[in-house]
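Chain and residue survey
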Amino acid sequence: MLSRLLAPPLCWGCGGPARRDEPLCLGCRRTLRHLGRNPVDLASVPTWAPVAYEDAARELVRGLKFRGAMALANAMAALIAANAPEELLPRAAAAGAEDRTEALVPVPLHPSRRRRRGFNQAAVLAEALSRRTGLAVADRLTRSGSAGTQVGLPRAERLAAAPGRVQAHGPVPARAVLVDDVATTGATLAACARELRAAGAREVWAVTFARTLGR
């Protein structure tokens, strides 16, 4: 505890000094490439992310996913909630209005990866986003089958690769907002959306912290 008080907080982007409780220094915050407020269509799922998946944003994602820096989810959720389009995350929820028809649905992690990692980063991000928006979290999806990674595969192979079997369980929200850390091809989001719609969801959107450019 004493060393934490004496040592200055470090930026996840460049390793330099940062303000306490700020994961990025001012310089790295300025390098974030903001993507605007219009969702894009990824495999027929309207998807929105505040920033591009590059540089400092990539380091935040890696810090949460691979180094277990849970506090980063709060900063990531803050950026999402502050910039999300109204139709995606209605501001009424932030004001405390209860809407049982809409909920945040974390993209599931394969059980073997969850055992190794100890958590699902999408669920951690969804919980942080719930605290900022007032929307409930409905953890209604599970994943099984192959746990093979798509990292490094060409885009065509990513789209063709099955993201494991996704299944919905329990009552699903009528309006589901899928939550994940990064959007790439949209193959996994599409699999999740299909299951939610088959289980009764009338509308499915997706929100991620970052999105790969060109998607």
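Here is a short report on the structure shown in this document.

In terms of nonpolar packing, the biggest core is built from 38 residues, with I80, L89, L129, V207 and F209 touching the most fellow members. When contributions to this core are tallied by element, the ones reaching two or more residues are α3 (55-67), α4 (72-83), α7 (121-133), β8 (175-183) and β9 (203-211). Broken down by element, this core gets its largest block of residues, 7 residues, from α4. Residues in contact with V207, not counting those within four places in the same chain, are W48, I80, L88, L129, V177, L178, V179 and D180. Listed in part, the 22 residues of the second largest apolar core include A103, A122, L141 and A190.

Once that is clear, we can look at unusual backbone geometry. At S44, a position not held by glycine, the phi torsion is positive, near 70 degrees. Looking at the secondary structure, you find S44 in the loop between β1 (40-42) and β2 (45-48). Take S44: its relative accessible area is 51%, and that puts it in the exposed class. The backbone phi angle of D55 is positive, close to 50 degrees, even though this residue is not glycine. With respect to the helices and strands, D55 occurs in helix α3. Take D55: its relative accessible area is 48%, and that puts it in the partly exposed class.

A pair of packed helices can be characterised by two numbers: the angle between their axes and the separation between those axes. Between α4 and α7, the least distance of the axes is 8 Å, while the angle of their chain directions is 50 degrees. Our classification of the angle between α4 and α7 gives oblique. In the crossing of α4 with α7, the sense of the turn from one axis to the other is right-handed. Across from A73, N74, M76, A77, A78, I80 and A81 in α4, the residues of α7 making contact are V124, L125, A128, L129, R131, R132 and T133.

Before going further, it helps to spend a moment on the packing of aromatic side chains. All chains considered together, the criterion is met by 0 aromatic pairs. The lysine or arginine in question, R58, covers the ring of Y53, its NZ or CZ lying 5.0 Å from the ring centre.

Cut-off values and rules
Each chain carries its own residue numbering, running from 1 in the direction its sequence is written. Side-chain atom pairs in this predicted model are given and counted only at pLDDT of 80 or more, local residue features only at pLDDT of at least 70, and totals for whole chains, interfaces and linings cover all residues. In computing side-chain properties, one takes all heavy atoms of the structure into account and sets aside hydrogens as well as water. By convention a nonpolar core is built from buried Ala, Val, Leu, Ile, Met, Phe, Trp, Tyr and Cys residues, the set being connected through side-chain atoms within 4.5 Å. Using a 1.4 Å probe on the protein chains alone, a residue whose accessible area is under 20% of its type maximum counts as buried, one over 50% counts as exposed, and one in between counts as partly exposed. Helix numbers and strand numbers start at the N terminus; a helix is a DSSP run of H or I with at least 4 residues, a strand a run of E with at least 2. Contact between two residues is taken to exist if any of their heavy atoms lie within 4.5 Å; hydrogens are not considered. Axis lines are fitted to C-alpha atoms, over the contacting stretch for helices. Their N-to-C directions set the angle, which ranges from 0 to 180 degrees. By the definition adopted for this analysis, an angle is roughly parallel if under 35 degrees, roughly antiparallel if over 145, roughly perpendicular if from 65 to 115, and oblique otherwise. It is the rotation of the near helix from the far one that decides the hand of a crossing: anticlockwise by less than a right angle makes it left-handed, clockwise makes it right-handed. When the centres of two rings from Phe, Tyr and Trp lie within 6.5 Å, Trp using its six-membered ring, the rings pair. Their planes under 30 degrees apart give stacked, over 60 give edge-to-face, and anything left gives tilted. Both a distance and an angle decide whether a charge sits over a ring: NZ of Lys or CZ of Arg must be within 6 Å of the ring centre and within 35 degrees of the ring normal.

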